[in-house]
Amino acid sequence: MAGSMETGVTVLLALMVGMFGVTSAVLGFIAESKRVTPRDIHVSGNECVYPASPAHTLGVCAMLLLMAAQIIASVAGGCCGCCRPGGGASKSKRRVVGVVASVLSWIVTAIAGWYYGQGVYWNTAGTRRASLSGAYEECFYLKGGVFVRAAVLSIIATSLAIMSCFLLRAPAATPEPAEDDAEPKPDGVAVGLPQWPAQGNGHAPYQQQVQIT
């Protein structure tokens, strides 16, 4: 009963992590199509004017959802397995793989967050000083593919987080009972029977010697 309940909780947490991670990736793909392009940037004097873009809000939401997915997965796995009960399972390959997957998911999440941050920064409404290139003024803008890379990394990080969640929350394997312990021993107290001496005086029977003449 306890094992089935633990499995149900693990599946529920994995679904939450997957939902947040996939939503983050979807928002990243949408933000890529809504990002600021060079045609949207206007030059006013020596400043570049960047308009408001939905990619800014989409990028922020995607980054927060990905972070929430990682936090849920880490809490479910006991902070990379350090807070889960030990025993034989702590030394198993399954637990080691779970910890490695959790660490890798955080590394991939950090890289995806950096890409999301770049996309959010260059899609923020405001003005920035233009750079001179000869007789022309140039404005920096976000090239294509930044949000796409962040979205793909979000999917990879979510997959690793779900894997670590299942591996670290899996119950420890219980050893099978030995053959000696398989059969129950009868209850009771052994009682010794008294040993009575054999009847007689303990001497060999008298033998009469007869002399034949």
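Taken directly from UniProt, the Sequence similarities (unreviewed entry) text for the protein chain runs: "Belongs to the DESIGUAL family."

A short note on the UniProt feature "transmembrane region" (unreviewed entry) in the protein chain
Per the UniProt entry, the sites bearing "transmembrane region" (unreviewed entry) are residues 12-31, 57-83, 95-116 and 146-168 in this numbering. Taken end to end, residues 146-168 comprises 100% helix and 0% strand; its first and last C-alpha atoms sit 33 Å apart.

What to know about the sheet that holds strand β1 (residues 42-44)
With respect to topology, three strands assemble into an open sheet ordered β1-β2-β3, the strand pairing being antiparallel. In the strand order of this sheet, the two ends are held by β1 and β3 (126-129), each with one partner. Strand-to-strand twist in this sheet, taken as the mean axis angle between neighbours without regard to direction, amounts to 35°. One ladder, built from three bridges, connects β1 with strand β2 (residues 47-50); its direction is antiparallel. Each residue of the ladder has a partner; that of H42, found in β2, is V49.

Structural notes on the pattern of salt bridges
Following the criterion strictly, the structure yields one salt bridge and no others. Taking the shortest distance from any N to any O, the salt bridge between R35 and E32 comes out at 3.3 Å. Relative accessible area serves as the criterion here: at 19%, R35 is assigned to the buried category. Residue E32 is classed as buried on the basis of its relative accessible area of 15%.

As for a nonpolar patch on the surface
Among the surface-exposed residues, V96, V100, V103, L104, I107 and I111 lie close enough to one another that they form a single nonpolar patch of about 470 Å² accessible area. Here L104 lies in helix α4 (residues 93-122).

Concerning the state of the cysteines
Overall, the coordinates contain one disulfide when judged by the stated rule. C48 shares a disulfide with C139; S-S distance 1.8 Å. Looking down the S-S bond of the C48 and C139 bridge, the torsion is -90°, so its handedness is left-handed. Here C139 lies in the loop between β5 (136-138) and α5 (146-169) and C48 lies in strand β2, a separation of 91 residues in the sequence.

Rules behind the numbers
Within any chain, residue numbers begin from 1 and follow the written order of that chain's sequence. Given that the model is predicted, a residue must reach a pLDDT of at least 70 before its local features are reported, and side-chain atom pairs must reach 80 or more before they are shown or counted; all residues, however, enter totals for whole chains, interfaces and linings. Note that the side-chain values use all heavy atoms of the structure and ignore hydrogens as well as water. UniProt positions are given in the numbering used here, feature names are shortened, and annotations may be inferred rather than shown by experiment. Secondary structure elements are defined from DSSP: runs of H or I of at least 4 residues count as helices, runs of E of at least 2 residues count as strands, and each element is numbered from the N terminus. Two strands pair under a simple rule: DSSP has to find at least two bridges between them. To obtain each axis, a line is fitted to C-alpha atoms, and for helices this fit is confined to the stretch in contact; angles are then taken between N-to-C directions over 0 to 180 degrees. Think of a salt bridge as a Lys or Arg side-chain nitrogen and an Asp or Glu carboxyl oxygen that are within 4 Å of each other. Buried, partly exposed and exposed residues are distinguished by accessible area as a fraction of the type maximum, computed with a 1.4 Å probe on protein chains only: under 20%, between the cut-offs, and over 50%, respectively. Exposure above 30% relative accessible area and the lack of any salt bridge qualify a residue for a patch; like charges then connect within 9 Å, and the nonpolar side chains Val, Leu, Ile, Met, Phe, Trp and Tyr within 5 Å. Under the convention used here, a 1.4 Å probe and the Shrake-Rupley method define accessible areas, while residue burial counts only the protein chains that appear. Here, the term disulfide refers to a pair of cysteine sulfur atoms separated by no more than 2.5 Å.

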